[in-house]
Amino acid sequence: MSDELKSTAKALVAPAKGILAADESSGTIKKRFDSIGVESTEEARRGYRDLLFTTEGAAEHISGVILYDETIRQSSADGTPFPAKLAEQGIIPGIKVDAGAKDLASAPGEKITEGLDGLRERLAEYRELGARFTKWRAVITIGEDIPSEYCVWTNAHALARFAALSQEAGLVPIVEPEVLMDGTHTIERSFDVTSRTLHATFTELRDQRVHLEGILLKPNMVVSGYECPTQANVDEVAEKTLLCFQRHVPAAVPGIVFLSGGQSDEDATAHLNAMNARGPHAWQLSYSYGRAL
Ligand code: 13P
């Protein structure tokens, strides 16, 4: 594995820094804008991202930004392309490369992430445009009889194919197997499903020859489902999340960067802080938040 992959992965989880996920697809950013009564035009999306990327002092806390296909081709108000604008502040540009979660065949309520066709060529173009890391999100839903092993393993397989292709292109893959926090399930059920998902993901990564020193893991925290009548407190979330990752994430992985998944910014921050207060850990623990930032 190249030293560049290792050093990029390490830089993304430098102490006290985390990642800004600004890679909402056009559909998702429209939902966010609708909620505050802003029309989602290309210029509004550009202006919003520009505001985030040029915030004074951002580079003190943000190591990298995940861009969307439209965004990586846009420019800051002064005409500098966004990837260069970020790089000049010492922020590493990255790119979401999956094509979204679609219905999984013969599996009601379950999803599979698409986007592998033509990925090698797209990765080469993104690297040319300045990206140094990539992201692929798999979605695992907890419900009465789901997730199925079929859903867990097909998503893990796709994550590993994405990761292997990214490393081949000299890009650090952020492997995101997201177990959704929505639902009535208990924290114990979240622990069980997250364990199964991580087990499948790291099995496929190994089988597909992915170098763990050159990836980052972007998982959910182990929490009670949002509609569960009993809500686990901060200590319980920290303990169960850490136990789950100690059992399933090899120490060779340089960093775990959590998604926020619809938690409030206060909750997402309190949970991460409680986990780091119990450190040191085998991996750096940080964030790759969208909504919570
Ligand atoms: P949230 O932190 O809003 O869950 O977004 C992170 C992300 O990139 C999901 O793919």
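Higher on the page you've got the structure.
Now for a quick tour of the structure. It should be emphasised that the depicted structure is a prediction, and the values quoted were computed from it without experimental measurement.

Moving on, we come to the overall build of the protein. Each helix and strand in the protein was counted, giving 11 helices and 10 strands. Its C-alpha atoms put the protein at 50 × 45 × 45 Å along the principal axes. Of all 293 residues assigned to the protein, the portion counted as buried reaches 52%. Sequence-distant contacts, at least 24 apart, represent 79% of the contacts inside the protein between residues at least 6 apart. For the protein, the exposed area adds up to about 12,900 Å²; of that, 51% sits on carbon and sulfur atoms. With 30 positive and 42 negative side-chain charges, the protein shows a spacing of 3 Å between the two charge centroids.

With that settled, consider the site of the ligand. For the ligand, the set of nearby residues contains 13 residues, the closest of which are Lys 135, Lys 218, Ser 260, Gly 261 and Arg 291. The contact in question runs from an oxygen atom of the ligand to an N or O atom on the side chain of Arg 291, over 2.8 Å. The fraction of the free accessible surface of the ligand (300 Å²) that becomes covered by protein chains is 90%. Elements supplying a minimum of two residues to the shell around the ligand: strand S6 (133-140) and strand S10 (284-289). Of the residues in the shell around the ligand, the class split is 3 nonpolar, 4 polar and 6 charged.

A few words now on helix H9 (residues 187-207). The terminal C-alpha atoms of H9, which comprises 21 residues, lie 30 Å apart, in line with the 30 Å expected from a rise of 1.5 Å per residue. Once H9 ends, the next one or two residues include Arg 209, with phi positive near 65°.

Once that is clear, we can look at the environment of Val 222. With respect to the helices and strands, the residue Val 222 is situated in the loop between strand S8 (216-217) and helix H10 (234-248). Sequence-wise, Val 222 and Lys 17 are 205 residues apart; in three dimensions their C-alpha atoms are separated by 22 Å.

Within strand S2 (residues 62-67), 6 of the 6 residues are buried, which leaves the element mostly enclosed by the surrounding structure. Relative to S2, strand S1 (residues 18-21) is paired through 4 bridges, and the arrangement is parallel. Pairing of Ile 19 across the sheet is with Gly 64, part of S2. Two strands pair when backbone bridges link them, and S2 and strand S3 (residues 92-96) are joined in this way by 4 bridges, in the parallel orientation. Opposite Val 65, over in S3, you have Pro 93 as the bridge partner.

In this section: the nonpolar core. Among the nonpolar cores identified, the biggest contains 61 residues, and Val 65, Phe 202, Leu 205, Phe 245, Val 249 and Phe 258 are the most heavily contacted of them. A per-element tally of this core places helix H8 (residues 149-168) first, with 6 residues. If sequence neighbours within four positions are ignored, Leu 205 has contacts with Ala 160, Ala 163, Val 175, Val 210, Leu 212 and Ile 215. Counting 13 residues, the second largest nonpolar core, distinct from the first, contains Leu 12, Ile 19, Ala 21 and Ile 174.

The rules we used
Residues numbered from 1 in each chain as written. Predicted model: local features only at pLDDT ≥ 70, side-chain atom pairs only at ≥ 80, totals over all residues. Heavy atoms only, no water. Helix = DSSP H or I, 4+ residues; strand = E, 2+ residues; numbered from the N terminus. Buried < 20%, exposed > 50% of the residue type's maximum accessible area, 1.4 Å probe, protein only. Contact = heavy atoms within 4.5 Å. Areas by Shrake-Rupley, 256 points an atom, 1.4 Å probe, with all protein chains shown as cover. Lys, Arg positive; Asp, Glu negative; His and termini not counted. Charge placed at Lys NZ, Arg CZ, Asp CG, Glu CD. Near = heavy atom within 4 Å. Polar contact = N/O pair within 3.5 Å; in protein donor to acceptor, adjacent residues only side chain to side chain. Nonpolar A, V, L, I, M, F, W, Y, C, P; charged D, E, K, R; others polar. Expected span 1.5 Å × (residues − 1). Pairing = 2+ DSSP bridges. Core = buried A, V, L, I, M, F, W, Y, C linked by side-chain atoms within 4.5 Å.

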